[in-house]
Amino acid sequence: MDIKIGLKEICSFLPLLHNVASIKKEDRNGLLYSMDYTGDYYRLLPVLDGIFDAGCTVFAHKTPAGEMLLGRNYDLRHIYHDPETGTEEMTGLITVLRSQGGKAGYASIGICDAVWLDPNCRIFRRGSFDHKDKNTLRALMLPFLTMDGVNEKGLAVSILHLTTDNSFEETDYTDPATLSEKEKKDLVLLNAPGEVPDKMNGRLTKRSIIINPCDRRTWKVIKGQSARQTEPGKRSVPHTVLMRMMLDSCANCAEAVALARTVNIRSLPESDYHIMVTDPDRSVILEWIGSRLTVEECFHAANFYNNRADHFGYGYDRDDILKTAIDKNPDGISEEDCMKALEKASQNCLAGKDLGFTQWSAVYNLNRQSIRLALHTDYKQLYTFSLK
């Protein structure tokens, strides 16, 4: 995603500049910041262009006292390549945002992935908000990069990645040994004679190179597009903008679903997303399949479709961990045990645990509008935030 800021955009940003001054460092490593945001951020919406790619796992369950918790892992590898040293590091720029825009009926608190202000990590990465410069203006777009959050009515939203259907085009055979190191990161090797690419492999991307050395065959992946809503008279928005609209204007799941039916969701050929919406009494998953919005009661989800018969996608093992946490605690789960379940379902590719990396694990208390937060799989150091 590329957020371009020229003179016209800067003029739109000026009335909101006071919010940049509220950015505060919350940890020692430059991963976590907080920001208090007031004013009409919807005036900046035309600047937002693009969408993101992520993993994630989420579940909702009540405490023994009857308070609704939302447990959420945001899984994504943000890798910064240092052009001077040639080294790589896992990075991040996590921002807890308290906000109430000029058009927002409800105040909310949520967690934003600020790296998506510049997904190549050239400007926005670990420690970037320590340096006050003109690029910090982009932080004013953070309300629309809120990956999970809760508002003052106890309505919570979280977004999870889905991949779209695979088709394959066979190309000239490529010897795996001739691939560059970068190409090898997207290599899928088939090791049995006669083996062909799996249409149900949800981890494939359009960059994937699939090779069967036994048969000397090579394929490239062609991704379809899932959400294709084009109903006349409806505004077209990305998923995260719809989530922001829900936090600002919806008091419960029913209102959030009704709002979702008033817009066309805009997706990309390679990636799609579903949104889990939870209030103190109910939890549903919203998915867009073709031009149709589907809604299903749901208390745990990962990166596969809930509303498709084939459940295309991935993350079934992580989803099972969270389902088990719910099943083993029918009378409710504590915030501590909720975080332990998220730790079990976390990803850490640096340690050989799955292919992603858990940027944060968050336990939301919807009744108290509070967050308990762990960063980069460090579950010994927890941070707490509250809307109140």
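See the structure printed just above.
So, how was this worked out
- Residues numbered from 1 in each chain as written.
- Predicted model: local features only at pLDDT ≥ 70, side-chain atom pairs only at ≥ 80, totals over all residues.
- Heavy atoms only, no water.
- Pairing = 2+ DSSP bridges.
- Helix = DSSP H or I, 4+ residues; strand = E, 2+ residues; numbered from the N terminus.
- Contact = heavy atoms within 4.5 Å.
- Axes fitted to C-alpha atoms, helices over the stretch in contact; angles between N-to-C directions.
- Core = buried A, V, L, I, M, F, W, Y, C linked by side-chain atoms within 4.5 Å.
- Buried < 20%, exposed > 50% of the residue type's maximum accessible area, 1.4 Å probe, protein only.
- Parallel < 35°, antiparallel > 145°, perpendicular 65-115°, else oblique.
- Left-handed = near helix turned anticlockwise from the far one by under 90°.
- Nonpolar A, V, L, I, M, F, W, Y, C, P; charged D, E, K, R; others polar.

A.B. asks: I'd like a rundown of the sheet that holds strand E20 (residues 300-301), residues and numbers included.
C.D. replies: For sheets, the rule is that strands pair by backbone hydrogen bonds, running either parallel or antiparallel. Across the sheet, which stays open at both edges, the six strands sit in the order E20-E3-E4-E23-E24-E25 with antiparallel pairing between neighbours. Of all strands in the sheet, those with a lone pairing partner are E20 and strand E25 (378-386), marking the two edges. Inspection of the sheet shows strand E3 (residues 57-62) paired to strand E4 (residues 68-75) by six bridges, in the antiparallel sense. The partner of Phe 59 across the bridge, within E4, is Gly 71. Lying over the sheet, helix H6 (residues 335-344) contacts E3, E4, strand E23 (358-365), strand E24 (370-375) and E25, oriented at roughly 155° with respect to E23.

A.B. asks: Can you explain the nonpolar core? Please cite residues and give values.
C.D. replies: Leu 242, Met 246, Val 277 and Leu 373 are the most contacted members of the largest nonpolar core, which totals 90 residues. Among the elements that make up this core, the one with the highest residue count is helix H3 (residues 239-249) (six residues). Apart from the residues within four sequence positions on either side, Leu 373 is in contact with Leu 32, Val 96, Ile 111, Met 339, Trp 360, Ser 361, Ala 362, Gln 381, Leu 382, Tyr 383 and Phe 385.

A.B. asks: Give a detailed account of the packing of helix H5 (residues 316-327) against H6, specifying residues and quantitative values.
C.D. replies: At a closest axis distance of 9 Å, the pairing of H5 and H6 adopts a crossing angle of 155°. One way to sum up the angle between H5 and H6 is to call them roughly antiparallel. The two elements H5 and H6 meet at a crossing, and its hand is right-handed. Counting all contacts with H5, which are made through Ile 321, Leu 322 and Ala 325, the residues of H6 involved are Ala 341, Leu 342 and Lys 344. Of the residues that constitute the contact of H5 with H6, the class distribution is five nonpolar, no polar and one charged.

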